[in-house]
Amino acid sequence: MEIGKLLFELLSEALGLNPNYLNDIGCSEGVSLVCHYYPPCPQPNLTIGTSEHTDNDFITVLYQDHVGGLQIRYENSWVEVAPVDGALVVNIGDLMQPTTNDKFKSVKHRVVAKKEGPRVSVAGFFSKFPLSTSKLAPIEELISEENPAVYRETTIRDFNIQFRSKGLGTTTLEHFKIKPGDADA
Ligand SMILES: O=C(O)CCC(=O)C(=O)O
Ligand SMILES: [Fe+2]
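Residues numbered from 1 in each chain as written. Chains lettered and ligands numbered in written order. Predicted model: local features only at pLDDT ≥ 70, side-chain atom pairs only at ≥ 80, totals over all residues.

- As annotated in an unreviewed UniProt entry, the protein is 1-aminocyclopropane-1-carboxylate oxidase homolog 1-like from Cucumis melo.

Laid out in structure tokens, this is it:
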């Protein structure tokens with residue numbers, strides 16, 4: 001929780017906002033921990049550890065052990081995120097896009113299967129209570145005539161319902177994007 005709060009302060013500053021902004025709107029309100037255990041795989045080329053996806057949260061603080069296998073999508077290729085002893089990986093999640101009007105984009109990632117192992121990782125997902133009816137919309141200070149809102153207003157609850165109806169690896173964000181003609185409707 002402490003690391004998350006500090007990260008949200010830094011991210012607020014990077015957006016040109018008051019350092020408390022993202023914490024005040026509840027980005028660090030809750031964290032859920034998911035522990036993964038990847039057994040050694042005799043034929044890694046036939047399967048995948050965790051399939052390609054973006055996380056359904058504001059940010060993820062991830063611990064991975066020394067085995068490796070985490071990859072992020074960068075400029076149309078998969079890039080290894082090599083384990084660094086004592087380091088945590090921080091990923092931007094989907095909820096950050098409607099919040100920052102696409103200033104921070106969620107990162108696509110996956111975990112490949114390996115002959116070595118087992119591999120253990122612990123992901124801390126910073127979000128709000130899944131059924132929270134609190135507003136999910138671009139921060140007003142980040143919207144202007146030159147930067148109009150990319151997403152329509154929704155709630156954390158409705159975003160999660162949409163996410164769960166489609167499943168991991170799909171783009172929930174597309175559903176909440178403002179499309180040409182929406183304003184006339
Ligand atoms: O095991 C990992 O390193 C990543 C797991 C992951 O992407 C997730 O839990 O969302
Ligand atoms: Fe993930």
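The rest of the description comes next.
1. A few points about the nonpolar core
Next up, step 1: Core analysis: the largest hydrophobic core is formed by 16 residues, its most contacted members being F8, C27, F58, I59 and F126.
Next up, step 2: For this core, the secondary structure elements donating two or more residues are α1 (2–14), β3 (59–64), β8 (119–127) and α4 (156–166).
Next up, step 3: Contacts of I59, omitting those with residues within four sequence positions, involve G4, L7, V90, N91, I92, G93, M96 and F126.
Next up, step 4: Core analysis: the second largest hydrophobic core is formed by five residues, Y38, C41, V111 and A113 among them. (Core = buried A, V, L, I, M, F, W, Y, C linked by C-beta atoms within 7 Å. Buried ≥ 20, exposed ≤ 12 C-beta atoms within 10 Å, placed from the backbone. Helix = DSSP H or I, 4+ residues; strand = E, 2+ residues; numbered from the N terminus. Contact = placed C-beta atoms within 7 Å.)

2. Side note on the site of ligand 1
Next up, step 1: Around ligand 1 lies a shell formed by V34, H36, T50, D55, L62, Q64, L70, H109, V111, S121 and A123.
Next up, step 2: When contributions to the shell around ligand 1 are tallied by element, the ones reaching two or more residues are β1 (30–38), β3, β7 (109–111) and β8. (Near = placed C-beta within 6 Å.)

3. Details of α4
For an α-helix, 3.6 residues make a turn, and residues three or four places apart therefore share a direction.
Next up, step 1: Every buried residue belonging to α4 is among I156, F159 and N160, and all of these are buried. Seen from one end, α4 has its buried residues packed into an arc of 95°, which puts them on one side. Seen from the open side of α4, the exposed residues pointing more than 90 degrees away from its buried face are S165 and K166.
Next up, step 2: Packed against the buried residues of α4 are β9 (135–136), β10 (154–155) and α5 (172–175). (Arc of directions from axis to C-beta.)

4. Here we look at the sheet that holds β8
Within a sheet, neighbouring strands are paired by backbone hydrogen bonds and run either parallel or antiparallel to one another.
Next up, step 1: Taken in spatial order, the four strands line up as β1-β8-β3-β6 in an open sheet, and their pairing is antiparallel. What marks the edges here is a single partner per strand, and that holds for β1 and β6 (89–92). Sheet twist, expressed as the mean angle between neighbouring strand axes with direction ignored, is 20°.
Next up, step 2: Across the sheet, α1 is in contact with β1, β3, β6 and β8; its angle to β3 comes to roughly 130°. (Pairing = 2+ DSSP bridges. Axes fitted to C-alpha atoms, helices over the stretch in contact; angles between N-to-C directions.)

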